[in-house]
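Inside the fold
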Amino acid sequence: QVQLVESGGGLVQAGGSLRLSCVASGNFFNINDMGWYRQAPGKERELVASITRGGREKYKDAVKDRFTISRHNGKNTVYLQMDGLRPEDTAVYYCNVEIVPSFWGAYETHWGQGTQVTVSS
């Protein structure tokens with residue numbers, strides 16, 4: 001059983017900032033990669049940023065130099081700091097985590113419930 005709880009979305013003017021959080025809880029052996037995806041109405045879900053357990057970061061080109069992903073392994077939490085927000089960033093943002101259920105378990109991916117980010121002009 002794994003639960004992901006997201007928070008931090010909202011309405012902000014262009015140029016503003018938001019910080020998203022996602023907390024994983026439940027029974028699992030370890031968490032590997034963590035990431036944030038987003039999906040706008042009528043659009044395909046896309047990767048925004050990811051981070052490995054060791055802290056290596058990757059970003060979608062459109063958000064480089066504006067967004068920063070980080071994690072606190074002891075709290076099973078991943079963050080997305082979003083600065084310089086633009087209207088085209090408007091979407092539902094989803095947390096994704098890759099977990100190892102047990103020492104012998106196969107990898108599993110889990111999704112958060114999504115949090116709405118709306119950026120006005």
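What comes next concerns the included structure. What you are looking at is a predicted structure, and each value in this text was computed from that prediction instead of being measured.

The rules behind each value
Residues numbered from 1 in each chain as written. Predicted model: local features only at pLDDT ≥ 70, side-chain atom pairs only at ≥ 80, totals over all residues. Heavy atoms only, no water. Helix = DSSP H or I, 4+ residues; strand = E, 2+ residues; numbered from the N terminus. Buried < 20%, exposed > 50% of the residue type's maximum accessible area, 1.4 Å probe, protein only. Polar contact = N/O pair within 3.5 Å; in protein donor to acceptor, adjacent residues only side chain to side chain. Contact = heavy atoms within 4.5 Å. Pairing = 2+ DSSP bridges.

Here the focus is the side chain of aspartate 89. When you line up the elements, aspartate 89 lands in the loop between strand S8 (77–82) and strand S9 (91–100). Given the relative accessible area of 1%, aspartate 89 is considered buried. A polar contact of 3.0 Å, which involves the side chain of aspartate 89, links it to the side chain of arginine 38. Once you skip the residues sitting within four places of it in the chain, aspartate 89 turns out to touch Arg38, Val63, Arg66, Phe67, Gly84, Val117 and Val119.

For strand S1 (residues 2–7) and strand S3 (residues 18–26), the ladder comprises six bridges, and the chain directions are antiparallel. Residue serine 7 lies in a different strand from S3, and its bridge partner there is serine 21. The sheet contact formed by S3 and S8 spans six bridges and is antiparallel. Note that in S8 the partner of valine 23 across the bridge is threonine 77.

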